[in-house]
Amino acid sequence: MLVLASNSIEEYTAVFFRIFKKNDKFVVLMGCDQKRSSVGLEYDKTNYGAFLDIDPVTEKLSLRTLQIDHSIVESFGGGGKVCMTTRVYPTLAINDDAHIFVFNNGSQHVDISTLTAWSLKTVQYQLESLMKMYFFKF
C-alpha cells in the first residue's frame with residue numbers, strides 16, 4: 001500500500017509484504033519504505049522490516065495501516081503480530097492531496113478480499129471549556 005501519496009505518486013510511504021520461499025517453506029517480511037516519503041525534505045528515511053510468523057498458503061495476510069496527525073504511519077500485520085510505526089514529513093501529500101494506492105510488484109496474482117478506508121473529521125472543541133476542566137481556582 002502507498003500511503004500519504006501524492007496524486008502523481010511522486011511522494012509516498014510504502015507499506016508492504018514480501019514473500020520468499022526457502023526450503024519449501026514460505027517466509028513473510030512486512031516492510032515500510034519511506035525513501036520517497038518527502039520530496040522536499042532531507043531527514044532519516046530508514047526502511048523498516050519485520051518477519052511475520054504466518055503461512056500465506058493457509059492464512060490470509062492482513063494489514064491495517066493508520067495515518068495519524070499528518071505524519072505518523074502505524075501499520076499492523078497479521079492481525080497485530082507485527083507492528084511498525086514511522087514518522088514521515090510529506091510536502092505534497094497533505095490534507096486533501098494525500099491519497100492511498102494499492103500495488104503489487106510481485107510475479108503472482110494477488111486478491112484483495114477487503115479494503116476499507118475512513119477519513120476522520122477534525123476534532124472540535126471550545127478552549128474555554130477545556131480550560132475549566134484542567135485549571136482550578138484556589
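Here is what the cut-offs are and how they apply
Residues numbered from 1 in each chain as written. Predicted model: local features only at pLDDT ≥ 70, side-chain atom pairs only at ≥ 80, totals over all residues. Heavy atoms only, no water. Helix = DSSP H or I, 4+ residues; strand = E, 2+ residues; numbered from the N terminus. Buried < 20%, exposed > 50% of the residue type's maximum accessible area, 1.4 Å probe, protein only. Contact = heavy atoms within 4.5 Å. Areas by Shrake-Rupley, 256 points an atom, 1.4 Å probe, with all protein chains shown as cover. Pairing = 2+ DSSP bridges. Axes fitted to C-alpha atoms, helices over the stretch in contact; angles between N-to-C directions. Core = buried A, V, L, I, M, F, W, Y, C linked by side-chain atoms within 4.5 Å. Salt bridge = Lys/Arg side-chain N within 4 Å of Asp/Glu carboxyl O.

Visitor: Just to check I follow, could you spell out the overall build of the protein chain for this structure?
Guide: In terms of helices and strands, the protein chain carries one helix and eight strands. Reading the protein chain from its N terminus to its C terminus gives the helix and strand order β-β-β-β-β-β-β-β-α. Buried positions account for 27% of the 138 residues belonging to the protein chain. For the protein chain, the share of sequence-separated contacts (at least 6 apart) that also reach a separation of at least 24 residues comes to 51%. For the protein chain, the computed accessible surface area is about 10600 Å², with 53% contributed by carbon and sulfur atoms.

Visitor: Looking at this structure, I do not really get the side chain of serine 71. What am I missing?
Guide: Counting through the fold element by element, serine 71 comes out in the loop between strand 5 (63–68) and strand 6 (72–77). For serine 71, a relative accessible area of 9% translates into the label buried. Setting aside residues up to four positions removed in sequence, serine 71 forms contacts with Thr86, Arg87 and Val88.

Visitor: Please explain the sheet that holds strand 4 (residues 48–52) as it appears in this structure.
Guide: Hydrogen bonds between backbone atoms are what pair the strands of a sheet, whose relative direction is either parallel or antiparallel. Here we have five strands laid out as an open sheet, ordered 4-3-2-1-8, and antiparallel in their pairing. Edge positions in the sheet fall to strand 4 and strand 8 (99–101), since each has one partner strand and no second. Strand-to-strand twist of the sheet, defined as the mean angle between neighbouring strand axes without regard to direction, takes the value 20°. The pairing of strand 1 (residues 2–5) with strand 8 spans two bridges and is classified as antiparallel. Of the residues in strand 8, the one forming a bridge with leucine 2 is phenylalanine 101.

Visitor: What should I look at first to understand the pairing of strand 6 in this one?
Guide: One face of the sheet, then the other: side chains in a regular strand alternate in exactly this way. Of the strand pairs in this sheet, strand 5 and strand 6 are connected by six bridges, and their pairing is antiparallel. Across the sheet, the residue bridging to threonine 65 is serine 75, located in strand 6. Once strand 5 ends, the chain turns through three residues before running back antiparallel as strand 6, passing aspartate 69 with a positive phi of about 60°. Turn length for the strand 6-strand 7 (residues 82–87) hairpin, with the two strands adjacent in sequence and antiparallel, is four residues, and the turn residue glycine 78 shows positive phi of about 60°.

Visitor: Sorry if this is basic, but what is going on with the nonpolar core here?
Guide: Nonpolar side chains in soluble globular proteins generally cluster together in the buried interior. Val3, Val15, Leu52, Val73, Val82, Met84 and Val88 are the most contacted members of the largest nonpolar core, which totals 14 residues. Of all the elements in the fold, those that place two or more residues in this core are strand 1, strand 3 (25–33) and strand 7. Leave out the neighbours within four places in its chain, and valine 82 touches Met30, Ala50, Phe51, Leu52, Ser75, Phe76 and Gly77.

Visitor: I'm lost on the pattern of salt bridges in this one. Help?
Guide: Oppositely charged side chains can pair when the atoms bearing their charge come close. Going through the model one piece at a time under the given rule, you end up with one salt bridge. A salt bridge links lysine 35 to aspartate 33; its shortest N-O distance comes to 3.0 Å.

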